[in-house]
Amino acid sequence: MKTIRLLMGCAAALFALTCAAAETPVSGGLLKFAVGAEPPNYDCHAQSSFAFIHPVRPHYSTLLKFDTVQYPKIVGDVAESWTVAKDGLTYTFKLKKGVKFHDDSILSSEDIKATYDRIRKPPKGVLSLREEGYSDITTIDTPDPLTVVFRLKKPNASMLSNFASPWDCIYSAAKLKIDPNWPARNIMGTGPFTFVEHVAGSHWSGRRFDGYFEKGKPYLNGFLALFIAGAPMVNALSAGEIMAEFRGHSPADRDRIVKTLGDKAVVQESPWVCSLVVTFNTRKKPFDDQRVRKALSLGIDRWGGAQALQKIALVRHVGGLLRPGYDLATPEAELLKLPGFAKDINASRAEAKKLLADAGQSNLTFTLTNRNVAMPYTPVGVFLIDQWRQLGVNVKHEQLETKLYLAAQQKDNATFDAALDFNCDYMDEPNLQLQKFLSHDKSAINYAGQTDRVLDDLYDKQSGELDKKKRIALLREFEKRALEQSYTIPTIWWHRIIVLNQKLKGWHITPSHYVGQDLADVWLQ
Amino acid sequence: MSAVTAVLTYKLPARRHPVVQFILHQPLGAAGLVSIVIMALAAIFAPWVTPHDPLAVDYESMLAAPSWQHWMGTDSFGRDVMTRVIYGARTALAVGFLASFVGSTAGAVIGVVSAYFGGKIDMIIQGAMDILLSFPIIVLALTVVAMLGQNLVFGVDVNLIIAISIPMVPRVGRVVRASALAIRELPYIDAARAAGFTNTRIIFRHMVPNVVAPYLIMLTAYVAQAILSEASLSFLGLGVTEPTASWGLMLSGAAADFYQQAPWMIIFPGLAISLAVFAFNLFGDSLRDWLDPKIKI
Amino acid sequence: MLRYLINRALLMIPTLLGVAILVFFMLRLMPGDPVQMMMDGANVSKQVIEEERARLGLDQPIYIQFVKWLGSALTGDFGYSIWTGKPVLHEIAIRLELSLEVAILATILAVALALPLGTLSAVFKDTWIDHTIRVFSIAGLAVPSFWLGMIIILGLLTMFSWIPPLTFTPFMQDPKANLLQLIWPALAVGYRYSAVSTRMMRSSILEVLQEDYIRTARAKGVYERLVISRHALRNALLPVITVIGLEFAFLIGGLVVTEQVFNLNGIGKLFVQAISRGDYTLLQALVLLVSVVFVLVNFIIDMLYAVFDPRIRYR
């Protein structure tokens, strides 16, 4: 008996050893992966797309970051430790010693202060998309080179996770002083990889930074991001030319790749904090009329569409302003009562036609401005146009390249009619997801251009509300009004499927394709 | 013995209709012509010939393989491929004929004028043509498209037709000019001028009939080229746009994303382009052999 | 001979100038405000836009802009790409090698196929050899090169689970990887090229075979093979060279679409990218370069013609 137990013990130990050996990171290698679109410019604070995060993020660090294995646990990136005061009004961070920028200058609290001042109070000519989220910060103090203190004017439920935002790249204060817009065309951070080159239309490459503050990391010698999408990307994965595509695949693509790669493919799936929304330009007739907007929202068969589209696209779940499945989101029973979410599509369509007739827009014609990234913009765009066609509305489909698409919506006197925008974030957090629905003067990512103080007030109230039940009640009210007014309407939420080549180790899926992309922890077998 | 004079009876060959003669002498060309006619008929009577609506999006059966319901399968939006191929013939033939007609006619007129007037006018026109000839066909077409954008008139993109026809003008002009030059040297032109006939009359009554043969040959050849140009431009996203059915468009976009799992999406439109161009080339070749085998195009 | 050369060379200059003028003015007529597009149209004041416009020299009268552009173009400075912000010449230079290599491979393929196939087709006229080759070449004229490219990739993937490498390795560095990537687009583009050349070769040889000197050689009792190789081929080559030269420029058209299919980062793809982004500085340079190459190739062909056919020189 004892011998058997001893043998089993040895076997177990041996097994554990071999497992550990298989899981020991190996240094070296060049990671090749695909990115479906190109970054419009190099400034983190002004970006919102994966086209930016995937190639550029490895060059930068943030104060905190998410642990991708135990998501949404937050760990320190350049921050060694941190404390939050009991009243929730003071956040103190202690920085790691000896963190270097790629030009060998040492990181100090001045850089953190400069970065966050730029985010929350962007100087003239600088675009900071997340300004609103940091409006509660009153001052940032730097008592010594390794300590930063943030003081808030009121408690904010999401402030700690704000500091883990992958968009808050830390810039060098010295460079920002010379030119606040320096990061838009130059890359210099504290991240694991230095910038090598960007050949437009082709690829982006980075090399290991030997002075990275985490000793032994990054494991890779460098990375090469190829700007390919669609069939070439699937072909490349199937043939083992590239190791991954970090955004997400459709179920059809996944099946295709798995069929070809067999056991060399590793599939990871997860819900996704990402959805497409239709933004109506309320500054333009007839989208200033609430009846027209609501009618167009009612005319979309979200349930039927999700069923059909999930076969070929990355969309899957029907939900409102928050991700279905998130504990603060509206459960299905209540969702069915909201405009645009009823299962009886014929009744909704009849109501929509009546609203359009009332508004005198029965023969409405407009252009839907869309992005030229095929997945899932094209199928969803075609789906929406077909739905609206059944209301008698004639819609022209215009697909623009990422840079032009964003510019069309972001510019001061936008002239688009309706746009198919994306609302994605790095975590489930109403303070993030709802920013798109706030008034134009309060949120840099609102493209509908409306001014609705009721929604703004509800947002402010819920942002500091630490009692979950009260917060849910406020969120329901917000959602009800937002869907009634239909300035920006949700369509279908996405489902994340990632197929990796089994040679790529150390990468773990999270519900956000913005998280975990600094590539410091991945290695090639 | 009386001398019997052999009487040679000479039978005149039967007078057959030129078209019938053409079919007998040039069977390949006739086959091409028949294919063209079938395509044209299918395109004109498309709504009656096709089982589905080319724009009907059907989310239930996306990327479906060929079946009895959908002979050529469906694309990524559930639209019937065969229907879109037949409607695509409309786009191809309409753009093809119009572009070729506009380009060839303009080229022919310029060629004749240039040949007739000669001298300085000829030099200037030839210089301009040389400049246009310096651009490869598709580069010129693309640049014009980039310049002009899209302009729909009665559902037809006029700017696309202009873009495709412009490269044809100097090429047709060159060939027609060569033919017209051959006549200009003949004495009866001088005689006509001496007799006081107007330039227009001389051009139309004497030169034009002589250039009809090369003109028709170029016209046919360039319909094929125009169909290819339209397909290429639409493939690049710079020609016809969604949701119009066009063979080139059917090969781009969603097709480029899905063609490994749904190869029928690209096989049939590509075959359609090839067969159409093939038919026009066959017909054009035979036309040339029939009308003027010596012509060097 | 020399006088003829110089004459022809001088004739090129007005053509090239005309090309430059046409290219410049055509692209200035493009819709959209390039400065607006460069600035992303977001959050920049009117003043900054005006400053940028002045910096780029876009506020001056158009003919002055043309002269300036032509002047710097002659020194190789084509300005900066509106889309990438990097020098235009740099963007073109890094992509040129790939496109050139595909073009050369396609030419080699075309010539390697056209010469033997065209000759065989002519010599065995109206037999099954002739018919097969003729179908092959007529099909080559009809099949769009980008569709052929897609079919090739589909075939490779289905039959061998393999696709050509995605990243470009220069020939000098690793010939095997380089050829493995580029032979397929060369095939797709070169098929049409070889078809045209085969047809030309065939008709050229057929014409030559009617000539008196062939009859004489045959009457003399020369072996048929020698008749063909020593007399017919040499004389038939001339029109074929013309066609090969002319069609080389057509390759560029083929490249534009085929590079999209094979995802090659070459001149063709750059051209399409420049158009879809309204990058007129890049387009100007590209179209000018392509046309200049075209004119030069024509010139070289004319020269070769004159070298081979003495009758031309004395016209």
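Residues numbered from 1 in each chain as written. Chains lettered and ligands numbered in written order. Predicted model: local features only at pLDDT ≥ 70, side-chain atom pairs only at ≥ 80, totals over all residues.

Glancing now at the overall build of chain C. Looking only at helices and strands, chain C features 13 helices and 0 strands. Across chain C, helices and strands are ordered from the amino to the carboxyl terminus as α-α-α-α-α-α-α-α-α-α-α-α-α. The principal-axis extents of the C-alpha atoms in chain C amount to approximately 85 × 60 × 35 Å. For chain C, the residues scored as buried account for 42% of the 315 residues in total. Contacts spanning at least 24 positions in sequence make up 74% of the contacts within chain C whose residues lie at least 6 apart. (Helix = DSSP H or I, 4+ residues; strand = E, 2+ residues; numbered from the N terminus. Buried ≥ 20, exposed ≤ 12 C-beta atoms within 10 Å, placed from the backbone. Contact = placed C-beta atoms within 7 Å.)

Turning our attention to the overall build of chain B. Across its full length, chain B holds 13 helices and 2 strands. Over its C-alpha trace chain B gives a radius of gyration of 24 Å, far above what one expects of a compact globule, namely 19 Å for 297 residues. Counting only residues that meet the buried cut, chain B has 50% of its 297 residues in that class. Of the contacts formed within chain B by residues at least 6 apart in sequence, a portion of 70% connects residues at least 24 apart. (Rg over C-alpha atoms; globule rule 2.2 N^0.38 Å.)

Here the focus is the sheet that holds strand 14 (residues 365-371) of chain A. Residues and elements named next belong to chain A. Strand order in the open sheet made by the 6 strands is 13-17-12-16-14-15, with mixed pairing throughout. The sheet is open, and its two edges are formed by strand 13 (315-317) and strand 15 (394-400), each paired on a single side. This sheet shows a mean twist of 40° between the axes of neighbouring strands, independent of strand direction. Taken together, the 2 bridges between strand 14 and strand 16 (residues 418-424) define a ladder with parallel strand orientation. (Pairing = 2+ DSSP bridges. Axes fitted to C-alpha atoms, helices over the stretch in contact; angles between N-to-C directions.)

Here we take up the nonpolar core. Among soluble globular proteins, nonpolar side chains are generally buried collectively. If you look at the biggest cluster of nonpolar residues, it comprises 317 residues, and the most contacted ones within it are B:Ile227, B:Val277 and C:Leu286. For this core, the element with the highest residue contribution is helix 10 (residues 199-235) of chain B, accounting for 16 residues. (Core = buried A, V, L, I, M, F, W, Y, C linked by C-beta atoms within 7 Å.)

The next point concerns the interface of chain A and chain C. Taken together, the contact between chain A and chain C spans 20 residues of the former and 21 residues of the latter. Grouping the constituent residues of the side of chain A that touches chain C by class yields 10 nonpolar, 6 polar and 4 charged. (Nonpolar A, V, L, I, M, F, W, Y, C, P; charged D, E, K, R; others polar.)

All right, on to the sheet that holds strand 1 (residues 30-34) of chain A then. Residue and element names in this part refer to chain A. Pairing within the open sheet is mixed, and its 5 strands lie in the order 8-9-10-1-11. Taken across any chain shown, the strands that pair with only one partner, and hence form the sheet edges, are strand 8 (193-199) and strand 11 (244-245). Strand direction decides the pairing type here: strand 8 and strand 9 (residues 203-208), joined by 6 bridges, are antiparallel. Directly across from Val199, in strand 9, lies its bridge partner His203.

Moving on: the interface of chain B and chain C. As a measure of interface size, the accessible area lost when the parts come together is often cited. Listed per partner, the contact involves 32 residues of chain B and 38 residues of chain C. Mapped by element, the contributors of at least two residues to the side of chain B that touches chain C are helix 5 (119-133), helix 6 (137-148), helix 10 and helix 13 (264-291) of chain B. When its residues are assigned to classes, the side of chain B that touches chain C shows 21 nonpolar, 10 polar and 1 charged.

Okay, the environment of C:Val227 next. All names here are of chain C. You can see Val227 is positioned in helix 10 (residues 224-262). Its 20 C-beta neighbours within 10 Å are what place Val227 among the buried residues. For the pair Val227 and Leu209, spaced 18 residues apart in the sequence, the C-alpha separation amounts to 9.3 Å. Setting aside anything within four residues of it in sequence, one finds Val227 in contact with Ile214, Ala217, Arg218, Val222 and Ala232.

Turning to the packing of helix 2 (residues 27-44) of chain B against helix 13 of chain B, a few remarks are in order. All names here are of chain B. Packing of helix 2 against helix 13 leaves a shortest axis separation of 7 Å and a crossing angle of 135°. When the interaxial angle is binned, helix 2 and helix 13 end up oblique. Helix 13 is crossed by helix 2, and the crossing has left-handed handedness. Contacts between helix 2 and helix 13 involve Leu28, Gly29, Ala31, Gly32, Leu33, Ser35, Ile36 and Met39 on the former and, on the latter, Leu275, Ala276, Ala279, Phe280, Leu282, Phe283, Asp285, Ser286 and Leu287. For the contact of helix 2 with helix 13, a count of residues per class yields 12 nonpolar, 4 polar and 1 charged. (Parallel < 35°, antiparallel > 145°, perpendicular 65-115°, else oblique. Left-handed = near helix turned anticlockwise from the far one by under 90°.)

Residues and elements named next belong to chain B. One way to put it is that helix 4 (residues 81-117) packs onto helix 8 (residues 168-184) with a least axis distance of 7 Å and a crossing angle of 40°. Judged by the angle between their axes, helix 4 and helix 8 are oblique. Crossing angle aside, the handedness with which helix 4 passes helix 8 is right-handed. Of helix 8, the residues touching helix 4 (which contributes Ser100, Gly103, Ser104, Ala106, Gly107, Ala108, Ile110, Gly111, Val112, Ser114, Ala115 and Tyr116) are Met168, Val169, Pro170, Arg171, Val172, Gly173, Arg174, Val176, Arg177, Ala180, Leu181 and Arg184.

When pLDDT is averaged along chain C, the result is 80, and 90% of the positions lie at 70 or above. Overall fold confidence (pTM) sits at 0.80, and the ipTM for the predicted complex is 0.80. (pLDDT = per-residue confidence, 0-100.)

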